[in-house]
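# A look at the structure
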Amino acid sequence: MNIHEHQAKKILKEYGVPVPNGVIGFTVEELIENAKSLNTKKFILKAQIHAGGRGKAGGVKILNNIKELSDASREMLGKKLITHQTGPEGKVVKRLYVEESSSIEKEFYLSCLIDRATAQITFISSDQGGMDIEEVAKKKPEKIITTKINSLKEISNEDCENILKIFCLKEKEKGKSLLKGIYKMFISTDASMIEINPLILTKEKNLICLDAKVNFDDNALFKHPDIAKLRDFNEENLSEIEASKHDLSYIKLDGSIGCMVNGAGLAMATMDIIKLYGEEPANFLDVGGGASKEKVSAALKLILSDKNVKGILINIFGGIMRCDVLAEGVVNAAKEMHINVPLVVRLAGTNYKEGKNILDNSGLKIISAENLDDAAKKIVKAIK
């Protein structure tokens with residue numbers, strides 16, 4: 001789960017991590033009233049959307065007084081921002097954040113995340129703050145330090161020094177304090193990523209998180225109801241919100257073939273083979289290992305709600321999930337929604353014969369496939 005910058009900074013502050021003083025507003029009037037409490041020569045106005053690249057899209061402005069802040073806020077609130085992360089559809093700005101200005105001497109990059117390959121919490125640090133870290137990794141890999149942490153309790157001084165060495169700080173204690181606060185927050189909140197870009201050294205020699213992006217592990221949100229409340233449904237795809245209600249793993253994509261699969265690895269393989277035969281998947285959809293008829297029906301309805309879908313490929317390998325249960329869910333949903341796009345189904349595993357009989361006797365125009373390769377060929381041919 002993603003949260004907004006102002007929410008991330010509030011949590012960081014609770015763990016003793018320095019951030020600029022700032023206030024939030026959902027209307028211009030509320031923002032201006034709250035901004036009067038700030039002690040600053042200049043106001044930094046920031047659009048709050050779940051996407052990077054806001055500055056280049058006009059979503060970050062430096063303003064000299066309350067009058068400029070008011071005018072800029074009226075222009076920004078309700079505006080659609082289009083960045084490299086939003087896609088061409090953009091995102092509408094529904095809340096604004098304004099904070100005190102900072103005197104910047106140097107900019108750094110810092111992030112804390114989970115390295116899946118080694119199952120370790122990892123810090124990435126660079127003296128190339130404010131830059132796209134992927135570009136830095138490609139063009140100047142020597143400018144990035146990766147530090148894997150062995151302890152799940154606290155971060156050692158030795159690890160802190162390794163993370164900080166690329167910053168060339170004269171006063172390292174402030175850096176160590178900041179790192180320990182970030183690490184404690186990461187562990188305590190079940191975060192999956194904390195990214196500070198840029199982390200700045202001010203002219204007063206203070207370290208401050210000038211921007212912050214935080215993601216949390218969805219599977220751990222039940223332990224953190226206070227964090228779960230921070231979810232902003234306005235920033236999420238409506239189909240993905242609906243999928244979460246049925247405990248479906250769904251991500252909308254831009255292709256024309258809807259996919260329903262059980263198991264993330266099988267879903268990825270299905271998407272790959274669709275691309276191999278010249279088409280694009282319309283979604284990633286994993287119904288899980290023990291899906292009910294109701295869950296399968298909800299998944300099919302979700303796929304059909306996408307107007308870009310010209311055909312559907314269902315690829316199920318029955319283990320815990322029985323193929324006959326899936327078949328009943330597919331038939332029920334297809335009849336209820338009067339499905340009018342080609343539907344290819346490949347079943348294998350537990351009760352696949354029973355499932356195939358249910359599909360064959362349904363009276364629906366369902367194309368059976370023997371294996372994944374056969375299924376991919378048939379759905380691509382069908383939509384063409």
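First things first, this report covers the structure right here in the doc. (Residues numbered from 1 in each chain as written. Predicted model: local features only at pLDDT ≥ 70, side-chain atom pairs only at ≥ 80, totals over all residues. Heavy atoms only, no water.)

### Considering the state of the cysteines
Applying the stated criterion across every chain yields a total of zero disulfides. Residue Cys-209 stays outside any disulfide, its sulfur separated by 12 Å from that of Cys-112, the closest cysteine. With no disulfide of its own, Cys-323 lies closest to Cys-259 among cysteine sulfurs, the gap being 17 Å. (Disulfide = S-S within 2.5 Å.)

### A look at helix H13 (residues 372-383)
An α-helical turn contains 3.6 residues, so any two residues separated by three or four positions project in the same direction. With twelve residues, H13 extends 17 Å from end C-alpha to end C-alpha; this agrees with the ideal 16 Å at 1.5 Å per step. For H13, every residue scored as buried is listed here: Leu-372, Asp-374, Ala-375, Ala-376, Ile-379, Val-380 and Ile-383. Residues of H13 that are buried sit in contact with strand E14 (257-261), helix H9 (264-276), strand E16 (311-318), strand E17 (343-349) and strand E18 (366-369). Measuring from the backbone nitrogen of Asp-373 back to the side-chain oxygen at the start of H13 gives 3.2 Å, which picks out Asn-371 as the cap. (Helix = DSSP H or I, 4+ residues; strand = E, 2+ residues; numbered from the N terminus. Expected span 1.5 Å × (residues − 1). Buried < 20%, exposed > 50% of the residue type's maximum accessible area, 1.4 Å probe, protein only. Contact = heavy atoms within 4.5 Å. Polar contact = N/O pair within 3.5 Å; in protein donor to acceptor, adjacent residues only side chain to side chain.)

### Concerning the packing of helix H2 (residues 28-35) against helix H3 (residues 66-76)
With their axes 10 Å apart at the nearest point, H2 and H3 run at an angle of 155° to one another. On the basis of their axis angle, the class for H2 and H3 is roughly antiparallel. Crossing geometry of H2 relative to H3 is assigned as right-handed. For the pair formed by H2 and H3, the contact residues are Val-28, Glu-29, Leu-31, Ile-32 and Ala-35 on the first element and Ile-66, Leu-69, Ser-70, Ser-73 and Arg-74 on the second. (Axes fitted to C-alpha atoms, helices over the stretch in contact; angles between N-to-C directions. Parallel < 35°, antiparallel > 145°, perpendicular 65-115°, else oblique. Left-handed = near helix turned anticlockwise from the far one by under 90°.)

### Observations regarding the packing of helix H5 (residues 157-164) against helix H6 (residues 172-189)
Here H5 crosses H6 at 110°, and the two axes come no closer than 10 Å. As far as their axial angle goes, H6 and H5 are roughly perpendicular. Residues Asn-157, Cys-160, Glu-161, Ile-163 and Leu-164 of H5 lie in contact with H6, whose contacting residues are Lys-172, Gly-175, Lys-176, Leu-179 and Lys-180. Partitioning the contact of H5 with H6 into residue classes produces four nonpolar, two polar and four charged. (Nonpolar A, V, L, I, M, F, W, Y, C, P; charged D, E, K, R; others polar.)

### Remarks on the environment of Ser-305
Positionally, Ser-305 belongs in the loop between helix H10 (293-304) and E16. Spatially, the C-alpha atom of Ser-305 lies 41 Å from that of Cys-209, the residues being 96 residues apart in sequence.

### Some words on the side chain of Ser-362
Tracing the backbone shows Ser-362 in the loop between helix H12 (352-360) and E18. A polar contact of 2.7 Å, which involves the side chain of Ser-362, links it to the backbone oxygen of Leu-359.

### Some details on unusual backbone geometry
In terms of backbone geometry, most residues other than glycine have negative phi values and most peptide bonds are trans. Pro-198 follows Asn-197 through a cis peptide bond whose omega is 10°. Considering the arrangement of structural elements, one finds Pro-198 in strand E10 (residues 191-202). Backbone geometry at Ala-119 places phi at a positive 55°, although glycine is not the residue there. Mapped onto the fold, Ala-119 is located in the loop between strand E7 (104-115) and strand E8 (120-126). The backbone of Asp-190 shows a phi angle near 60°, a positive value even though the residue is not glycine. Tracing the backbone through its elements, the reader meets Asp-190 in the loop between H6 and E10.

### Considering the sheet that holds strand E1 (residues 22-25)
For sheets, the rule is that strands pair by backbone hydrogen bonds, running either parallel or antiparallel. Read from one edge to the other, the open sheet built from four strands follows the order E1-E6-E2-E3, with strand pairing classed as antiparallel. Both edges of this open sheet fall to E1 and strand E3 (60-63), since each of them pairs with a single strand only. Adjacent strand axes in the sheet meet at a mean angle of 20° when their direction is disregarded. As paired elements, strand E2 (residues 43-47) and E3 share four bridges and run antiparallel to each other. Within the sheet, the bridge partner assigned to Ile-44 lies in E3 and is Ile-62. (Pairing = 2+ DSSP bridges.)

### Concerning the pattern of salt bridges
Taken as a whole and assessed by the stated rule, the structure comprises 26 salt bridges. Note that Glu-235 is salt-bridged to Lys-91, the shortest N-O span being 3.5 Å. With Glu-235 in the loop between helix H7 (225-228) and helix H8 (238-245) and Lys-91 in strand E5 (residues 91-92), this residue pair connects regions lying 144 residues apart in the sequence. In this structure, the salt-bridge partner of Asp-324 is Arg-322, at a minimum N-O distance of 2.8 Å. Take Asp-324: its relative accessible area is 10%, and that puts it in the buried class. Among the residues examined, Arg-322 registers a relative accessible area of 39% and is labelled partly exposed. When salt bridges that share partners are traced, they join Glu-5, Lys-9, Lys-46, Arg-54, Glu-99 and Asp-211 into one network. (Salt bridge = Lys/Arg side-chain N within 4 Å of Asp/Glu carboxyl O.)

### Regarding the nonpolar core
Grouped together as the largest cluster of nonpolar side chains are 39 residues, with contacts concentrated most on Phe-123 and Ile-182. In terms of residues, this core owes the most to one element, H6, which gives six residues. With near-sequence residues (within four places) excluded, Ile-182 lies in contact with Leu-12, Val-17, Leu-110, Cys-112, Phe-123, Ile-194 and Ile-196. (Core = buried A, V, L, I, M, F, W, Y, C linked by side-chain atoms within 4.5 Å.)

### Section: the environment of Glu-161
As for its position among the elements, Glu-161 is in helix H5. In this structure the C-alpha to C-alpha distance between Glu-161 and Lys-381, which are 220 residues apart in sequence, comes to 59 Å. In this structure the side chain of Glu-161 is engaged in a polar contact, spanning 3.1 Å, whose partner is the side chain of Lys-176.

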